[in-house]
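Breakdown of the fold
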Amino acid sequence: MNFPATTSVLIVGASTRAAACSAIRAGFQPVCADQFADRDLRAVTEVIFKIDDSNHWLEEILKQEPQDWIYTGALENRPELIQQINQRHTLLGNAGESLEKVRDPFFLQELLASQPIPLAPCLPAAAQTSPQELWLSKPRLSAAGQGIRFAGEHAINPADSALYYLQQYQPGIPLSALFLADRDGCVLVGTAVQFIGNPALQADGFQFCGGMTLSPVPAEWRDILEKLGQNVARECQLRGLFGCDLIWNPDQQPGFWLTEVNPRYTALTELFEQLLQLPLLRWHFAACRSREESPIAAEYSVEELIRLLEIRKKQHLSPVSKGIFYASTDLAAPELDFESFNAQQAWQIPAFADIPDPGAIIPAGTPVCTLFGTGSDHESCLTSLADQILNCQRQIQPELTRDLNRQEVCNMLWPRKESEKLFFSGFFSSRNV
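Our subject in this report is the structure included herewith. (Residues numbered from 1 in each chain as written. Predicted model: local features only at pLDDT ≥ 70, side-chain atom pairs only at ≥ 80, totals over all residues. Heavy atoms only, no water.)

1. A few points about the packing of aromatic side chains
Considering all chains together, one arrives at 10 aromatic pairs under this definition. Judged by centre distance (6.4 Å) and plane angle (70°), the rings of Phe106 and Tyr165 are edge-to-face. Residue Phe106 is found in helix 6 (residues 105-111), and its partner Tyr165 is found in strand 9 (residues 164-168); the two are separated by 59 residues along the sequence. Phe106 sits in the partly exposed class, given a relative accessible area of 25%. Taken together, the ring pairs connect Phe150, Tyr169 and Phe206 into an aromatic cluster. Taking NZ or CZ as reference, Arg25 lies 5.4 Å from the ring centre of Trp347, over its face. Cation over ring: Lys50 sits above Trp57, and NZ or CZ is 5.0 Å from the ring centre. (Phe/Tyr/Trp six-rings, centres within 6.5 Å; stacked < 30°, edge-to-face > 60°. Helix = DSSP H or I, 4+ residues; strand = E, 2+ residues; numbered from the N terminus. Buried < 20%, exposed > 50% of the residue type's maximum accessible area, 1.4 Å probe, protein only. Lys NZ or Arg CZ within 6 Å of the ring centre and 35° of its normal.)

See the structure below:
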């Protein structure tokens, strides 16, 4: 396949389709190392099939001509791989001591202990907790909520206790905040509701399964979220895009809890791009080069992004949602229609993405595809996503799907809808087990 002669960027991660589309919107040509190598990704870029138990993909990456590169989830858990790739390519992102600090829950706990948004309390995996309290057992090397369980639901081998930690469970609404940091400062790009373990998407436990943008950022949130991002970026010396996962519970103090930091392009970044109509990877690349005094760093500075965000804040921005649809049983992927992404239609929101090959075996509990919803407000955006979910269910597992209607799916996505409150406060409980 021939691609246009533009600047190339290497993207490495479990799933890279969203970041590849962001790269194209930013005017770059991606080359991806990806665990799924889905049809729509292969339609727009060269793909190196990334299999965790083989070094073939890494060898292929190291044969590529030297170029800039970024990573997506969950490569932040593999600093040794990042270091290997850095020997050949130039990372525009976070590595080394920055990565070590930002992925250490006990460092973050101490850093934020006296801040308006603290980290949800953490303990070593072997610590004794009160039976009156709920605690989560979290793998240190995890992403997208995989492997998170309530403490006591499974026994941890004492020899493996260093691979886990405990974090106190906080009931409330899961949120995500996206930030961009350069050498001079840090800006809050936006906030989104997260879908976690949502049955409408056949996810369970604490599996991440999508989200919906919230715009504008509520005024009462902005200052404390900005302070959180600035503290984390400064003390961990982060550059570029990064995300903070949070729990919001307006009925309890302190109101917000940080649960973890993702020091990279996040899964919801594409929603913020679509919401704001801004190629955020341009700012990410400039922020990571901000030490170089380059013209691109000046053109895409944090100050310029703040100026554009202020303009967007005064406009009515239509929310965007996405849902990652999981397989409830092992299944063979059906033929799913999709329109190939291209630079001329870079801002068009697809109905489906991350499309598997027909007949590919999708194991139970793993993603099948990604669905998108749009609308003039949050309710219509959810309704749009509900329609896509029903359509997907009919195509993928019609024999297992009872005749749900749109409102039932909407209620599953957003259970206790109270439209008179700010964002239907209480729409979601993070305890989905």
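2. What about unusual backbone geometry?
Excluding glycine, most residues fall at negative phi; most peptide bonds, likewise, are trans. Cis geometry is adopted by the peptide bond preceding Ala74, which originates at Gly73 and carries an omega value of 0°. Of note, Ala74 is situated in the loop between strand 4 (68-71) and helix 4 (79-86). Residues Ser215 and Pro216 are joined by a peptide bond in cis, for which omega reads -5°. With respect to the helices and strands, the residue Pro216 is situated in the loop between strand 12 (208-214) and helix 7 (219-236). Here the phi dihedral of Ala144 falls at roughly 60°; this positive angle occurs in a residue that is not glycine. Its location among the elements puts Ala144 in the loop between strand 7 (135-139) and strand 8 (149-150). Positive phi, normally seen in glycine, also occurs at Gln202, with a value near 60°. We classify Gln202 as partly exposed; its relative accessible area is 22%.

Geometric values such as these leave the question of function open.
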